Amino acid sequence: MAAGYLDILRARHAARLLTGTLVGRLPNGTASIAIVLFVRAEGGSYSIAGALAAVYGLATAVGQPLLGRAVDLYGQPRVQLPAAVVSALGMAVLAVAGTGSLALAYAAVAVAGLFTPPLEGGLRALWPSVLGGEDRVHRAYAMDAVAQEIMFTAGPLLVTLLVALWSPATALLVINAIGVLGALSVVLSEPSRAWRSAPREAHWLGALRSPGLLALLGSFFFVGLALGSITVAAMAYADDQGRESVYGWLMAALGLGALLGGVVYGARQWAGAPERRLRVIVALLAVGYLPLVLTPGPVAMTVLAAVAGVFLAPAVACSFIVVDRHAPRGTVTEAFSWLVTTFGVGAAVGTAVAGPAVELGGTAWSFAVAGAGGVAALLVLLATGKVLGGVLPVRAGSATPGTAPRGVAETP
């Protein structure tokens, strides 16, 4: 099972790029948790915590495709590192100023989200030039999804550890400083410095002119909504149990389940159209979210959280292949960034809805938001089956290293 992953990691630059990207994405991957813990420590309500996390998510959603298009046009180093620094400064303002001035707090998280570097899309743009063959690239997508779950498993634990040792403000500062170092490691690498996007058609819609990509994004909006709602619901559940540590364990269990599911999924080659496979995986994902509304004791709830996460990484990995099949040529970073964006918007809506759901109907209602999101994601895929069945004749792809991008001087 591990042989395929080891083959990828042995490729020159692969381990560095994967590690640097994960470390660089740590601030984004833990932002919702860190913001919720920070606001609660400052005496803020769940609604304020959810609203700030939602603003961060929405700002990230706006920034990712814009920065992704800039990367496609101007290259990775000129965009990724400056964005990482500005994003970290935004979170530093929140950590230092606190929530005394809500206007400043909202502005700080908005800047942090807007300038979150598109490292995730950037890594997927680099895989073809680093690994070569399509089979290895597809396996790298699965490994990428698995590695994300390691981050989502370790990230909440790291945040709660920093909070326990020092404070939520310190956690925000440390996590974001680490993120800048990760981005620096990526942009200083040879593949990142040499990479150029494939030639692209100048079109104001960019990657969004693909109907199949739009269908996929619509589905993953609801997957993000489900996951975002769990962030707030798990905190409410931990408060019900009277133990803050339960929150970290639930989120870690969710990530661990996704990690295991991703490892199994990526260990084999799959036959048939990935669009059809994605519908089955999302159906199983929806089924996994529904039992969370039962809110049993902490041990049983941790098990349910792990089961709920099993099909998340396979769904994400399969979606990467679908993006690659449907995105127009020369929009590789932008297309993957749009996936991050819709997922982020969904997560932001999920956190915003789950907060009032806790206060209106209790913890079970907030977990019901997750179940509804999973079902809605499946319905979108079923309703757009014909659209997803058509693949663009020229796919996103990426140019070989050193190829100058056509369109740098064009209107994007």
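Just above sits the structure.
Right, let's walk through the structure included here. (Residues numbered from 1 in each chain as written. Predicted model: local features only at pLDDT ≥ 70, side-chain atom pairs only at ≥ 80, totals over all residues. Heavy atoms only, no water.)

Considering the overall build of the protein chain
The following threshold applies: Runs of H or I in DSSP of at least four residues are treated as helices and runs of E of at least two as strands, each being numbered from the N terminus. Relative accessibility thresholds used throughout: buried, under 20% of the residue-type maximum; exposed, over 50%; partly exposed, between the two (1.4 Å probe, protein chains only). Contacts were defined at the residue level, with two residues in contact if any of their heavy atoms lie within 4.5 Å. The Shrake-Rupley method, run with a 1.4 Å probe, gives the accessible areas here. Residue values count only the displayed protein chains as cover. Under this rule, positive means Lys or Arg and negative means Asp or Glu; His and the chain ends count for nothing. To locate a charge, take atom NZ for lysine, CZ for arginine, CG for aspartate or CD for glutamate.
The number of helices and strands found in the protein chain is 18 helices and zero strands. Referenced to the eigenvectors of the C-alpha coordinate spread, the extents of the protein chain come out at roughly 55 × 45 × 40 Å. Counting all 412 residues of the protein chain, 56% fall into the buried class. Long-range contacts, defined here as pairs at least 24 residues apart, represent 85% of the contacts in the protein chain between residues at least 6 apart. Approximately 15,300 Å² of the protein chain is accessible, and the part contributed by carbon and sulfur atoms is 69%. Each charge class in the protein chain was averaged separately, 24 positive and 18 negative side chains, and the resulting centres sit 8 Å apart.

Here we look at helix α16 (residues 332-361)
Side chains of residues three or four places apart in an α-helix project in the same direction, reflecting 3.6 residues per turn. Rules: An expected span of 1.5 Å times one less than the residue number is assigned to each helix.
Here α16 is 30 residues long and its end C-alpha atoms lie 43 Å apart, about the 44 Å a rise of 1.5 Å per residue gives. Gly362 sits one or two positions beyond α16 and adopts a positive phi of about 95 degrees.

Some words on the pattern of salt bridges
Cut-off, in case you're wondering: A pair is scored as a salt bridge if a Lys or Arg side-chain nitrogen falls within 4 Å of a carboxyl oxygen belonging to Asp or Glu.
The final tally for this structure, using the stated rule, is seven salt bridges. Two residues, Asp144 and Arg124, come together in a salt bridge whose shortest N-O distance is 2.8 Å. Here Asp144, found in helix α8 (residues 134-165), pairs with Arg124, found in helix α7 (residues 119-131); they are 20 residues apart in sequence, far enough to count as distant. Arg124 matches Asp144 in its accessibility class, with the two residues each being buried. Taken together, the salt bridges that share partners define one network made up of Arg25, Glu120, Arg124 and Asp144.

Describing the nonpolar core
We count it as follows: Throughout, nonpolar core names a set of buried Ala, Val, Leu, Ile, Met, Phe, Trp, Tyr and Cys residues whose side chains join them through atoms within 4.5 Å.
One finds Ile35, Leu94, Trp127, Leu278 and Tyr289 to be the most contacted residues of the largest nonpolar core, which totals 116 residues. Sequence-distant contacts of Tyr289, defined by excluding residues within four places in its chain, comprise Ala226, Leu227, Ile230, Ala308, Leu312, Ala370, Gly371 and Gly374.

Brief notes about the side chain of Thr60
Inclusion rule: Two N or O atoms count as a polar contact when they lie within 3.5 Å, although within protein this holds only if one can serve as hydrogen donor and the other as acceptor, and sequence-adjacent residues are included solely when both atoms are side-chain atoms.
Take Thr60: it is sitting in helix α4 (residues 46-74). Residue class for Thr60 comes out buried when judged on its relative accessible area of 5%. Of the polar contacts made by the side chain of Thr60, one reaches the backbone oxygen of Gly113; its length is 3.3 Å. Here Thr60 is in contact with Asn28, Gly113, Leu114, Thr116 and Thr341, once residues within four sequence places are set aside.

Remarks on a nonpolar patch on the surface
What counts is decided by this rule: For patch detection, residues must exceed 30% relative accessible area and be free of salt bridges, and they are connected within 9 Å for like charges or within 5 Å for nonpolar side chains (Val, Leu, Ile, Met, Phe, Trp, Tyr).
A cluster of nonpolar residues, Leu290, Val375, Leu379 and Leu382, forms a patch on the protein surface that exposes about 350 Å² of accessible area. By the secondary structure assignment, Leu382 is in helix α17 (residues 363-383). The exposure class assigned to Leu382 is exposed, which follows from its relative accessible area of 52%.

Thoughts on helix α9 (residues 168-187)
Note the cut-off: To be clear, the arc concerns the directions from the helix axis to the C-beta atoms.
Taking 1.5 Å of rise per residue, 20 residues should cover 28 Å, and α9 covers 29 Å from first to last C-alpha, within 8% of that figure. Among all positions in α9, only Pro168, Ala169, Ala171, Leu172, Ile175, Asn176, Gly179, Gly182, Ala183, Val186 and Val187 are buried. Projected down its long axis, α9 carries its buried residues within an arc of 155 degrees, all on one side.

Focus: the packing of helix α3 (residues 26-41) against α4
Where we set the bar: Only the stretch in contact is used when a helix axis is fitted, and all axes are lines through C-alpha atoms; the angle between N-to-C directions ranges over 0 to 180 degrees. Each angle is binned into one of four classes, with values under 35 degrees roughly parallel, values over 145 roughly antiparallel, values of 65 to 115 roughly perpendicular, and all other values oblique. Rotating anticlockwise by less than a right angle from the far helix to the near helix defines a left-handed crossing, while the corresponding clockwise rotation defines a right-handed one. Residues are grouped as follows: Ala, Val, Leu, Ile, Met, Phe, Trp, Tyr, Cys and Pro are nonpolar; Asp, Glu, Lys and Arg are charged; every other residue, Gly included, is polar.
α4 packs onto α3 with a crossing angle of 155 degrees between their chain directions and a minimal axis gap of 8 Å. In terms of their interaxial angle, α3 and α4 are classed as roughly antiparallel. Between α3 and α4 lies a crossing whose hand is right-handed. Along its contact with α3, which presents Pro27, Asn28, Ala31, Ser32, Ile35, Val36, Val39 and Arg40, the element α4 presents Tyr46, Ile48, Ala49, Leu52, Ala53, Tyr56 and Thr60. Classifying every residue of the contact of α3 with α4 gives 11 nonpolar, three polar and one charged.

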